[in-house]
Amino acid sequence: MTLLVGLGLIFQLFGQQNYTHIQKDIFYEGSQYFFENDYESALYVFNELYAVDTGFSEINFMMGVCLMKIRGRRDEAFPYLLKAEKGDIGEADFWLGRAYHLRMDFENALKHYKIYEQAPIKEISKEEIKRYIDISLKAKEMVAHPVDADIINIGPGINTKY
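The structure contained in this document is the topic of the report that follows. Just so it is clear, the model here is predicted, and its values are computed rather than measured.

The next thing to look at is the packing of aromatic side chains. What characterises a pair of aromatic rings is the spacing of the ring centres plus the angle enclosed by the ring planes. On inspection of all chains with the given rule, the structure shows 11 aromatic pairs. Between tyrosine 50 and tyrosine 80 the ring centres are 5.2 Å apart and the planes differ by 70 degrees, which places this aromatic pair in the edge-to-face class. One end of the pair, tyrosine 50, is in helix 3 (residues 39-52); the other, tyrosine 80, is in helix 5 (residues 78-86), with 30 residues separating them in the sequence. A relative accessible area of 17% places tyrosine 50 in the buried class. Taken together, a centroid distance of 5.7 Å and an interplanar angle of 35 degrees make the contact between tyrosine 113 and tyrosine 132 tilted. One end of the pair, tyrosine 113, is in helix 7 (residues 106-117); the other, tyrosine 132, is in helix 8 (residues 126-144), and 19 residues separate them in sequence. Judged by relative accessible area, tyrosine 113 falls into the buried class, the value being 0%.

Tallying each qualifying case throughout the model produces four salt bridges. Taking the shortest distance from any N to any O, the salt bridge between glutamate 107 and lysine 140 comes out at 2.0 Å. Residue glutamate 107 is found in helix 7, and its partner lysine 140 is found in helix 8; the two are separated by 33 residues along the sequence. Looking at glutamate 107, the relative accessible area reads 46%, which means it is partly exposed. For arginine 131, the salt bridge identified is with glutamate 128, shortest N-O distance 3.0 Å. On the criterion of helical spacing, the pair formed by arginine 131 and glutamate 128 is a turn pair, its members being three residues apart in helix 8.

Right, let's get into helix 4 (residues 57-69). With 13 residues, helix 4 extends 18 Å between its outermost C-alpha atoms, agreeing within 8% with the 18 Å of an ideal straight helix rising 1.5 Å per residue. Of all the 13 residues making up helix 4, 12 are buried; the element is thus mostly covered by neighbouring parts of the structure. Those residues of helix 4 lying buried are Ser57, Glu58, Ile59, Asn60, Phe61, Met62, Met63, Gly64, Val65, Cys66, Leu67 and Met68.

With that out of the way, let us pick up the packing of helix 7 against helix 8. Where helix 7 meets helix 8, the closest approach of the two axes is 10 Å, and the angle between their N-to-C directions is 165 degrees. The pairing of helix 7 with helix 8 is recorded here as roughly antiparallel in orientation. Viewed along their axes, helix 7 and helix 8 form a crossing whose handedness is left-handed. Residues Phe106, Glu107, Ala109, Leu110, Tyr113, Lys114, Tyr116 and Glu117 of helix 7 form the contact with helix 8, whose own contacting residues are Lys126, Ile129, Tyr132, Ile133, Ser136, Leu137, Ala139, Lys140 and Val143. In terms of residue class, the contact of helix 7 with helix 8 is made up of 11 nonpolar, one polar and five charged.

About the cut-offs
Residues numbered from 1 in each chain as written. Predicted model: local features only at pLDDT ≥ 70, side-chain atom pairs only at ≥ 80, totals over all residues. Heavy atoms only, no water. Phe/Tyr/Trp six-rings, centres within 6.5 Å; stacked < 30°, edge-to-face > 60°. Helix = DSSP H or I, 4+ residues; strand = E, 2+ residues; numbered from the N terminus. Buried < 20%, exposed > 50% of the residue type's maximum accessible area, 1.4 Å probe, protein only. Salt bridge = Lys/Arg side-chain N within 4 Å of Asp/Glu carboxyl O. Expected span 1.5 Å × (residues − 1). Axes fitted to C-alpha atoms, helices over the stretch in contact; angles between N-to-C directions. Parallel < 35°, antiparallel > 145°, perpendicular 65-115°, else oblique. Left-handed = near helix turned anticlockwise from the far one by under 90°. Contact = heavy atoms within 4.5 Å. Nonpolar A, V, L, I, M, F, W, Y, C, P; charged D, E, K, R; others polar.

Listed below in structure tokens is the structure:
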């Protein structure tokens, strides 16, 4: 994520009247981990805030992205990203598109990519969004028309223990 989006999320937090100074410091710490691509540490820190306010869209968004970036935890991201989308976090549409794609729900993936594509301010370039749309279209087509294939071991000259 760029500095622009990150600063926007941080400034929105400081508008949260019900957060204490300590909670704002915790959000800032988690954001630092997040922008350094240390998603596991960021998630750990954001969990502290999530326990206080499960409805805060920015926390839900950042937790969802963290989970999408952590191998083996992508399925957990879905509810957080849905909450972020309901909270009008524009970047959530891109990440929801990714989450739906990974669930092989290509119709919803395409819907969210197209919503994101129309957003006036976005992190991901139009070319990259087009690429994700093309990937989902191709995957949808391939799932609809599977190919019957036989996998044959062609012998020890190719299939060695190394």
